[in-house]
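Architecture at a glance
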Amino acid sequence: MGTVIGSKKGWIVTFAGLGVNLALGVLYSWGAFANELRALGWTATQSQIPYMVACALFALLMVPGGRLQDRMGPKKIILASAILTGIGFVLSGLFLSVVGLSIFFGVVFGSAMGFGYAAATPAALKWFGPHKRGLIAGIVVSGFGLAGIYVAPLTQVLLARFGIEMTMIILGLGFCAAIFTFAQFISNPPEDYVPAPPVDKFKAIKVIKQNKSSGLDFDWKQVVRTPQFYGLWIMFCFGTFAGLMIIGQLRDIGLEQAALSDGAAFALISVYAVFNCLGRVGCGVISDKLDRRMTLVIIFLIQVVCFAFFAQFQTALTLFTGTAFVAFAFGGMLSLFPALTADYFGLKNLGVNYGLVFTAWGAGGVFGPLIGGLVRDMTGTYGIAFAISAGLSVLGVLLAVLTKAPEKETAAKQVPAGVLLCPHCEQEISLRLRAISS
């Protein structure tokens, strides 16, 4: 039986991970850059290409990044992310073309996001038990959503004063330094570490029943043989398709659909960032207390309603309100899916396993902005894209109802004989609670 130690270090890792994501979350302010590029003569579709490439590389590099995190620890991987961030942004400023930004923002910075994000979230989750899994995931990933609150206005000021080339360089150097600093505080727990159970043993039992676990650590080869993996992947893809389509073009939607002023359109990006962050933490907490699958159903239902009527949000009040709900729902998914991956497949290989699930985010990040840009160029509005998002969200509701955790018997068949129970898992906590109560 492993050693239970205090979680003070875990909280340090958690908030350092939040800091890393605050820097990497500049992706969610791409709308500010896209508008500047269109002012230089780029089409709406061209302005989304570097963003789409970055989303794709972000997701694809989560898999090797997660695997390296599991094997080498998170610090080295996040340091690599810091270096790639600096290189990607500086060279983006020097090579300002569709090809240049696709390579240096899309490929290089996209890789930086994949490595940094893959290391920060699993490292924090490994320090805590299932009763805090949603909360911790929510805090760490909230940095990515929260970034838009300061990055959007900061970028606006820098663009007005220095132009897009120098803005890219300044942001790259600043984010590189920030990520490098936060990396020094992030590490995995010792191999024999067991998270302390909650003081209230009845609360622990309730959490275990609500968010069931196989009690075993799946490796990635076993994960991809389960129907649960494909259920999670498809839901994540459908959910992020809608959210990422909005993020990349939100400023233009505000200008064209609701005739917002330029300042109000930038404020719309900040509103999205605030509620994106609130959704990540709030839905994480709700899922710890309620049920992760039920929370996911609620999130998809919010998206169904919002996107069904989004084209009708033609005033500032309705557009800001609709954006807030969409952002809250999208943010919630980013805390629920790492927690669900840990619930279903264990913590030992969480880095690579969540990396595989996260490739769905990349698919949504490619097709969401692409379809949004194409629809806008072909029809002059985003109405058809909103309708597609609503339809995918309906399918998400159905999948959330049907995709249940692996049954213990199924899990036992997937994991070879002789594999021990994960020392971090719910069954370990249950055994401890029984010992305490007796």
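Going by what an unreviewed UniProt entry lists, the chain is known as Major facilitator superfamily MFS_1 and is assigned to Dethiobacter alkaliphilus AHT 1. Checking UniProt for the chain, the heading Subcellular location (unreviewed entry) contains the comment "Cell membrane".

Some points on the overall build of the chain
A tally of regular secondary structure across the chain gives 16 helices and zero strands. When contacts within the chain are restricted to residue pairs at least 6 apart in sequence, long-range pairs at least 24 apart make up 87% of them. Element-wise, carbon and sulfur atoms account for 71% of the exposed surface of the chain, whose accessible area totals about 16,000 Å².

Points about the nonpolar core
By size, the foremost hydrophobic cluster in this structure holds 120 residues, and its most contacted members are Leu 27, Leu 334, Tyr 354, Phe 358 and Trp 361. At 16 residues, helix α6 (residues 133-183) tops the list of elements feeding residues into this core. In this structure, this core is formed jointly by two domains, domain 1 (1-187) and domain 2 (213-406), each of which donates at least three residues. In this structure Leu 334 touches Tyr 117, Val 141, Phe 236, Arg 280, Tyr 354, Phe 358 and Trp 361, once residues within four positions along its chain are discounted.

What to know about a nonpolar patch on the surface
A cluster of nonpolar side chains, contributed by Ile 149, Val 274, Phe 275 and Leu 278, occupies part of the molecular surface with about 280 Å² of accessible area. Among the elements that take part in the nonpolar patch, helix α10 (residues 262-289) stands out by supplying three residues, more than any other. For Val 274, the location among the structural elements is in helix α10. Val 274 sits in the partly exposed class, given a relative accessible area of 32%.

Some details on a positive patch on the surface
Together, Arg 67, Arg 71, Lys 221 and Arg 225 line one region of the surface with positive charge. Within the fold, Lys 221 resides in helix α8 (residues 220-223).

What about unusual backbone geometry?
With phi around 55 degrees, Ala 259 is a residue other than glycine that occupies positive phi space. Position of Ala 259 relative to the elements: it lies in the loop between α9 (227-257) and α10. Looking at Ala 259, the relative accessible area reads 63%, which means it is exposed.

Here's the deal with the pattern of salt bridges
By the definition in use, this model includes four salt bridges. A salt bridge links Arg 38 to Asp 252; its shortest N-O distance comes to 1.8 Å. With Arg 38 in helix α2 (residues 30-39) and Asp 252 in helix α9, this pair connects stretches of sequence that are 214 residues apart. The exposure class assigned to Asp 252 is buried, which follows from its relative accessible area of 8%. Here Arg 292 and Asp 343 are joined by a salt bridge, their closest N and O atoms 2.4 Å apart. Of this pair, Arg 292 sits in helix α11 (residues 292-309) while Asp 343 is found in helix α12 (residues 316-345), placing the two residues 51 residues apart along the sequence. Among the residues examined, Arg 292 registers a relative accessible area of 0% and is labelled buried.

Some words on α6
Given a rise of 1.5 Å per residue, 51 residues ought to cover 75 Å, yet the end C-alpha atoms of α6 are separated by just 21 Å, more than 12% below that figure. Phe 162 marks the point of greatest bend in α6, at about 120 degrees.

Side note on the packing of aromatic side chains
Applying the stated criterion across every chain yields a total of 23 aromatic pairs. Residues Phe 229 and Tyr 230 carry aromatic rings whose centres are separated by 4.9 Å and whose planes lie at 80 degrees to one another, so their mutual orientation is edge-to-face. Taken together, the ring pairs in this structure connect Phe 58, Tyr 117, Phe 236, Phe 337, Tyr 354, Phe 358 and Trp 361 into an aromatic cluster.

Focus: the side chain of Asp 217
Secondary-structure assignment places Asp 217 in the loop between α7 (201-210) and α8. Buried charge Asp 217 goes without a salt bridge, the closest partner of opposite sign being Lys 348 at 6.0 Å. Of the polar contacts made by the side chain of Asp 217, one reaches the backbone nitrogen of Lys 348; its length is 3.1 Å.

Some points on the packing of α10 against α11
Angle between the axes and distance between the axes: these two values describe a pair of packed helices. Across the interface, α10 lies against α11 with an axial gap of 7 Å and an inter-helix angle of 135 degrees. Taken together, α10 and α11 sit at an angle that is classed as oblique. Contact residues: α10 offers Cys 283, Ile 286, Ser 287 and Asp 288, while α11 offers Arg 292, Thr 295 and Ile 299. Across the contact of α10 with α11, the residue classes tally to three nonpolar, two polar and two charged.

Conventions we followed
- Each residue is numbered by its place in its chain's sequence as written, counting from 1.
- In keeping with the predicted nature of the model, local features appear solely for residues at pLDDT of at least 70, side-chain atom pairs appear and are counted solely at 80 or more, and the whole-chain, interface and lining totals rest on all residues.
- Derived side-chain values reflect all non-hydrogen atoms in the structure, with water molecules and hydrogen atoms excluded from consideration.
- UniProt positions are given in the numbering used here, feature names are shortened, and annotations may be inferred rather than shown by experiment.
- Helix and strand definitions here come from DSSP, where helices need a minimum of 4 consecutive H or I residues and strands a minimum of 2 consecutive E residues; each element is numbered from the N-terminal end.
- Whether two residues are in contact is decided by their heavy atoms: any pair within 4.5 Å suffices.
- Using a 1.4 Å probe, the Shrake-Rupley method yields the accessible areas, and only the shown protein chains count as cover for residues.
- We define a nonpolar core as any set of buried Ala, Val, Leu, Ile, Met, Phe, Trp, Tyr and Cys residues linked to one another through side-chain atoms lying within 4.5 Å.
- In this scheme, a residue with accessible area under 20% of its type's maximum is buried, one over 50% is exposed, and one in between is partly exposed, where area comes from a 1.4 Å probe on protein chains only.
- Start and end points for every domain follow an automatic or database-based domain assignment.
- Residues forming no salt bridge and having over 30% relative accessible area are the ones grouped into patches, like charges within 9 Å of each other and nonpolar side chains (Val, Leu, Ile, Met, Phe, Trp, Tyr) within 5 Å.
- Any Lys or Arg side-chain nitrogen located within 4 Å of an Asp or Glu carboxyl oxygen qualifies as a salt bridge.
- Charge counting follows a simple rule: Lys and Arg are positive, Asp and Glu are negative, and His as well as the terminal groups are ignored.
- For charged residues, the charge sits on one atom: NZ in Lys, CZ in Arg, CG in Asp, CD in Glu.
- Under the convention used throughout, the expected extent of a helix is 1.5 Å for every residue step, that is, one less than its residue count.
- Bend at a given residue is defined as the angle between two axes, one fitted to the seven residues that end at that position and one fitted to the seven that begin there.
- Any pair of Phe, Tyr and Trp rings, taking the six-membered ring for Trp, is counted once the centres come within 6.5 Å. Such a pair is stacked with planes under 30 degrees apart, edge-to-face with planes over 60 apart, and tilted for the rest.
- Whenever a nitrogen or oxygen atom comes within 3.5 Å of another N or O atom, the pair is scored as a polar contact, on the condition that within protein one atom can donate a hydrogen and the other can accept it, and that pairs from neighbouring residues in sequence are kept only if both atoms are in side chains.
- In this analysis, axes come from line fits to C-alpha atoms, helices being fitted only over the stretch in contact, and the angle between any two N-to-C directions falls in the range 0 to 180 degrees.
- Each angle gets one of four labels, with under 35 degrees taken as roughly parallel, over 145 as roughly antiparallel, 65 to 115 as roughly perpendicular, and the rest as oblique.
- Each residue is assigned to one of three groups, with Ala, Val, Leu, Ile, Met, Phe, Trp, Tyr, Cys and Pro labelled nonpolar, Asp, Glu, Lys and Arg labelled charged, and all others, Gly among them, labelled polar.

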